[in-house]
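# A structural walkthrough
As a plain string of letters, each chain reads:
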Amino acid sequence: IIKNMNIMIQEAINRYLLKHKQNTLSPKAVLFDMDGVLYDSMRFHARAWYETATHHQLISTPELFYLYEGRTGESTINELYQKTFLRDATDEEKKSIYEEKAILFNQYNDGKAMQGAAEVLKKVKASGLQTLVVTGSGQHSLINKLEHTYPGYFKREKMVTAFDVKLGKPHPEPYLMGLQKAEVRANEAFVVENAPMGVEAGVAAGIFTIAVNTGP
């Protein structure tokens, strides 16, 4: 199994190098998504989003929010309004709905770390690589909790959150900003993602992207 895995990894690296006309991968930084990668929190996000959307008569399903994972809150709300009312949400609607969703999420969230994440971070740090977070989240509670859960791994000035970007995943902007904050080029980083839109964003940014299957 390990031999086959190593072959698959090398083939993926070779495809990446060929596509981007690079000679080598020279990793200096790893850009981690947060929800679904560092925290086992997506089930709480999906529940809070679905209950909030239902309260506002917005068309949705719980599964829909796994597909929207990685978007900023404003972008998610706009998608719901376009689906339901064929228009964008107003600034006030976006603000009030996101606040309502955040309250529910904080009630439901148990703050559980993703199994295996701490071990991965330890190996990454031992290899001398930078560790950064690139998340669509705009909830202070989770961002502040990173230092408690993973002490010494993440610094606020090396994070990209919903507060920093205009476009958000699946647009490459968040990961391009992550490269800037890490002061590395695309072939000097890895992305670790679980969300389809996050994977799309990492690939669009030209970074070797590792997708982990922690979703439903």
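Higher on the page you've got the structure.
Residues numbered from 1 in each chain as written. Predicted model: local features only at pLDDT ≥ 70, side-chain atom pairs only at ≥ 80, totals over all residues. Heavy atoms only, no water.

### Description of the sheet that holds strand S4 (residues 189–193)
With parallel pairing, five strands are arranged side by side in an open sheet as S3-S2-S1-S4-S5. Lying at the two open borders of the sheet, with one neighbouring strand each, are strand S3 (159–160) and strand S5 (208–211). Examined bridge by bridge, S4 and S5 share four bridges and lie parallel to one another. Paired with Glu-193 across the strands is Ala-211, a residue of S5. The strands touched by helix H6 (residues 117–126) within the sheet are strand S1 (29–32) and strand S2 (130–134), with S1 carrying the most contacts at an inclination of about 155 degrees. (Pairing = 2+ DSSP bridges. Helix = DSSP H or I, 4+ residues; strand = E, 2+ residues; numbered from the N terminus. Contact = heavy atoms within 4.5 Å. Axes fitted to C-alpha atoms, helices over the stretch in contact; angles between N-to-C directions.)

### Some thoughts on the environment of Gln-82
Inspection of the secondary structure assignment puts Gln-82 in helix H4 (residues 73–85). For Gln-82, a relative accessible area of 34% corresponds to the partly exposed category. With sequence-adjacent residues up to four places away left out, Gln-82 is seen in contact with Arg-87 and Asp-88. Engagement of the side chain of Gln-82 in a polar contact is seen with the side chain of Asp-88, the distance being 2.8 Å. (Buried < 20%, exposed > 50% of the residue type's maximum accessible area, 1.4 Å probe, protein only. Polar contact = N/O pair within 3.5 Å; in protein donor to acceptor, adjacent residues only side chain to side chain.)

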